[in-house]
Amino acid sequence: MMDTSKKVARIERALEALEPFETDCILCPRECRVDRRKVKAGVCQSGSEAALSCALLHYGEEPVLSGLRDCAAGDHGEGRNRRGSGTIFFTGCNLKCLFCQNYQISWLAQGRTVSHEELAAFMLSLQRQGAYNINLVSPTHLVVPILKALKIAYAEGLAIPLVYNSNGYEKIDVVERLAGIIDIYLPDLKYRSPQVSKKYSGAADYFGRASLAIQEMFVQQPDLVLDENDIARQGLIIRHLILPGQTEDSLAVLDWIAGNFPRSISLSLMSQYRPCFRAPEDIQRPLSADEYQAVVLKAKKLGFENLFIQPEVFRTDDHLMPDFNRPEPFRWKLKK
Ligand code: SF4
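What you are looking at is a predicted structure, and each value in this text was computed from that prediction instead of being measured. All residue numbers here refer to positions counted from 1 along the written sequence of the relevant chain. Selection of residues for local features in this predicted model requires a pLDDT of at least 70, selection of side-chain atom pairs for listing and counting requires 80 or more, and totals for whole chains, interfaces and linings are taken over all residues. Side-chain measures here rest on the full set of heavy atoms in the structure, leaving out hydrogens and waters.

## Quick notes on helix α4 (residues 116-128)
So, point 1. What counts as a helix is a DSSP run of H or I of at least four residues, what counts as a strand is a run of E of at least two, and both are numbered from the N terminus. One less than the number of residues in a helix, times 1.5 Å, gives the span that helix is expected to have. Taking 1.5 Å per residue, 13 residues should reach 18 Å; α4 reaches 18 Å between its end C-alpha atoms and fits that length.
So, point 2. Think of it in three bands: residues with accessible area under 20% of the maximum for their type are buried, residues over 50% are exposed, and the middle band is partly exposed, with areas taken using a 1.4 Å probe on protein chains only. Taken together, the buried positions of α4 are occupied by Leu119, Ala120, Met123, Leu124 and Leu126. What you see down the axis of α4 is that its buried residues fit within an arc of 155°, all on one side.
So, point 3. Note on definitions: a residue-residue contact is assigned when non-hydrogen atoms from the two residues lie within 4.5 Å. Where α4 is buried, its residues touch β1 (50-58), β2 (85-90), β3 (112-114), β4 (134-137) and α5 (143-155).
So, point 4. Looking at the residues trailing α4, positive phi occurs at Gly130, about 105°. The arc in question is traced by the directions running from the helix axis to the C-beta atoms.

## Some thoughts on the site of the ligand
So, point 1. Being near a molecule or strand, for a residue, comes down to having at least one heavy atom within 4 Å of it. Near the ligand the following residues occur: Cys25, Cys28, Arg30, Glu31, Cys32, Arg36, Gly42, Val43, Cys44, Asn94 and His141.
So, point 2. As a working rule, the residues Ala, Val, Leu, Ile, Met, Phe, Trp, Tyr, Cys and Pro are called nonpolar, Asp, Glu, Lys and Arg charged, and the rest polar, with Gly in that last group. When the residues that make up the shell around the ligand are grouped by side-chain class, the tally is five nonpolar, three polar and three charged.

## Regarding the environment of Ile231
So, point 1. As for its position among the elements, Ile231 is in the loop between β7 (225-226) and β8 (232-241).
So, point 2. When the C-alpha atoms of Ile231 and Gln195 are compared, they prove to be 37 Å apart, with 36 residues separating the residues in sequence.
So, point 3. The contacts of Ile231, once residues within four sequence positions are left out, are Pro63, Val64, Gly67, Tyr132, Val225 and Leu226.

## Quick word on the confidence of the model for the protein chain
Where the model shows low pLDDT, its predicted coordinates should not be examined in detail.
So, point 1. For every residue, the predictor reports its confidence as pLDDT, a number between 0 and 100. Residues at a pLDDT of 70 or more form 94% of the protein chain, whose mean pLDDT is 93.
So, point 2. Scored below 50 in pLDDT, residues 69-80 makes 30 contacts in the model with residues more than four places away or belonging to other chains.

## Re the packing of helix α1 (residues 4-18) against α5
Relative placement of two packed helices is described by the angle separating their axes and the distance separating the axes.
So, point 1. Comment: axis = line fitted to C-alpha atoms, over the contacting stretch for helices; angle = value between 0 and 180 degrees taken between N-to-C directions. For the pair α1 and α5, the least separation of the axes is 10 Å and the interaxial angle reads 155°. Considering the angle they form, α1 stands roughly antiparallel to α5. Handedness of the α1/α5 crossing: left-handed. When α1 is examined against α5, the residues Thr4, Lys7, Val8, Ile11, Glu12, Ala14, Leu15 and Leu18 are found in contact with a partner set consisting of Val143, Val144, Leu147, Lys148, Leu150, Lys151 and Tyr154.
So, point 2. Its residues assigned to classes, the contact of α1 with α5 comprises ten nonpolar, one polar and four charged. Any angle that is under 35 degrees is reported as roughly parallel, and any over 145 degrees as roughly antiparallel; angles of 65 to 115 degrees are reported as roughly perpendicular and all others as oblique. Left-handed describes a crossing whose near helix is turned anticlockwise from the far helix by less than a right angle; the clockwise case is right-handed.

## Some words on the pattern of salt bridges
So, point 1. By convention in these notes, a salt bridge is any Lys or Arg side-chain nitrogen within 4 Å of a carboxyl oxygen on Asp or Glu. Taken as a whole, this structure holds 16 salt bridges when the rule is applied.
So, point 2. Notably, a salt bridge pairs Lys190 with Asp188, separated by 3.2 Å at the nearest N-O pair.
So, point 3. Classification of Lys190 by relative accessible area gives buried; the value is 14%.
So, point 4. Residue classification places Asp188 among the buried residues on the basis of a relative accessible area of 15%.
So, point 5. Residues Asp255 and Lys298 are paired through a salt bridge, measuring 3.0 Å at the closest nitrogen-oxygen approach. In this pair, Asp255 is assigned in helix α9 (residues 247-260) and Lys298 in helix α10 (residues 289-302), connecting sequence segments 43 residues apart.
So, point 6. The exposure class of Lys298 is partly exposed, given its relative accessible area of 24%.
So, point 7. Residues participating in the shared-partner salt-bridge network are Glu19, Arg37 and Lys148.

## Observations concerning the nonpolar core
So, point 1. By size, the foremost hydrophobic cluster in this structure holds 83 residues, and its most contacted members are Leu119, Met123, Leu147, Leu150, Leu189 and Ile257.
So, point 2. If sequence neighbours within four positions are ignored, Leu189 has contacts with Tyr206, Phe207, Ala210, Ile214, Ile238, Arg239, His240, Val253, Trp256 and Ile257.
So, point 3. Nonpolar core, defined: a set of buried Ala, Val, Leu, Ile, Met, Phe, Trp, Tyr and Cys residues in which side-chain atoms within 4.5 Å join the residues together. In this structure, Val163, Leu186, Ala232 and Phe308 belong to the second largest nonpolar core, which totals eight residues.

## A few points about the state of the cysteines
By definition, a disulfide is the covalent link that joins the sulfur atoms of two cysteine residues.
So, point 1. By disulfide we mean two sulfur atoms from cysteines, separated by a distance within 2.5 Å. Scanning the entire structure with this criterion turns up zero disulfides.
So, point 2. Here Cys97 stays free of any disulfide, with the sulfur of Cys100 as its closest cysteine sulfur at 6.4 Å.
So, point 3. You can call Cys97 buried: its relative accessible area is 7%.

## Quick notes on the packing of α9 against α10
So, point 1. Between α9 and α10, the shortest axis-to-axis distance is 10 Å and the interhelical angle comes to 15°. By the criterion of interaxial angle, the relationship of α9 to α10 is roughly parallel. Two packed elements cross with a definite hand, and for α9 against α10 that hand is right-handed. Between α9 and α10, the residues in contact are Thr247, Ser250, Leu251, Leu254, Asp255 and Ala258 and Glu291, Ala294, Val295, Lys298, Ala299 and Leu302, respectively.
So, point 2. Residue composition of the contact of α9 with α10, by class: seven nonpolar, two polar and three charged.

## Quick look at the packing of aromatic side chains
So, point 1. By convention, a stacked pair of Phe, Tyr or Trp rings (six-membered ring in the case of Trp) has centres within 6.5 Å and planes under 30 degrees apart, an edge-to-face pair has planes over 60 apart, and any other such pair is tilted. Scanning all chains against the criterion turns up twelve aromatic pairs.
So, point 2. Ring geometry for Phe89 versus Phe324: centroids 5.1 Å apart, planes at 65°, classification edge-to-face. With Phe89 in strand β2 and Phe324 in the segment after α11 (312-316), this residue pair connects regions lying 235 residues apart in the sequence. Phe324 shares its class with Phe89; the two are buried.
So, point 3. Plain terms: the ring middles of Phe207 and Trp256 are 5.3 Å apart, the flat faces sit at 90° to each other, and that makes the pair edge-to-face. Taken as a pair, Phe207 in helix α8 (residues 206-220) and Trp256 in helix α9 lie far apart in primary sequence, 49 residues in all.
So, point 4. Here Phe207 falls in the buried class, since its relative accessible area comes to 13%.
So, point 5. Owing to a relative accessible area of 12%, Trp256 belongs among the buried residues under this scheme.
So, point 6. In textbook terms, an aromatic cluster arises when at least three aromatic residues are bridged by ring pairs, as seen for Phe207, Phe218, Trp256 and Phe261.
So, point 7. Over a ring means this: the NZ of a Lys or the CZ of an Arg is within 6 Å of the ring centre and within 35 degrees of the ring normal. Over the aromatic face of Trp107 sits the side chain of Arg278, whose NZ or CZ is 4.7 Å from the ring centroid.

This is the structure in structure tokens:
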């Protein structure tokens, strides 16, 4: 990880460039052109301060982030690798997929506004609890207040890697400003087809935007670097959630990744889809085992060397489905 004084200098430069965007907001591809200091009228429904639902230790991310091997519902293992990913769930979203499992916070905007100092305090608290990293979930629309909070947190001793856990719907010039600040990029690449991305996320340009953003992320963090306990220190992991009935689009996503990155790229194939919120009728069912296996098989045939494949229990059990109305949104059952 870059030393924190260099990070702070990068943050200051990024803020100089990005902060003015908020008064006529063009921070993401939606380009709503609203004054975020006055109204929450953009697609993300967000003002100029961060709002969040919760900050917690998360045990269901990829093992290199959460520190758990052989995850299973109701049994998250014991021993040295169980400290969790220090995850902050931000309110609002710039993409808003109809099937979002986090719809309570992404669509319904549940959560509370926090000052930069409070957000920094959440980060430092997660570090004190032993988190391996600070995992920013849906940071795109809140990149400015996040950077302001990071400046405070680094001054007060934040020293664990920073994970940018994004839906992938990003502007490349914003991602370029994050060089030297983000340690681990964790973007989705949700769709290849403009028709599919328009139907489920109202963004026909999703692939064009996400593919460019991910290529820039790869330039910044090409290699997944692990420590002696197999915990990520830096790198890029591309996530792809397979949707029921949409395996053709998933296969096209894999073809594109294979054609544009080395086979050593880290790729996480997710089976945990559940129909949530406004999921259209054609995706009103969980993914089948056959659909998931077809995509995994294709990834193996293409020769990807660093695949994260979810155990069967992730497809069949609801332990990864959050309810942000509960004090503990996930149903971890950790052994004491
Ligand atoms: S960050 Fe929000 S307000 Fe700004 S362009 Fe994106 S969706 Fe619109």
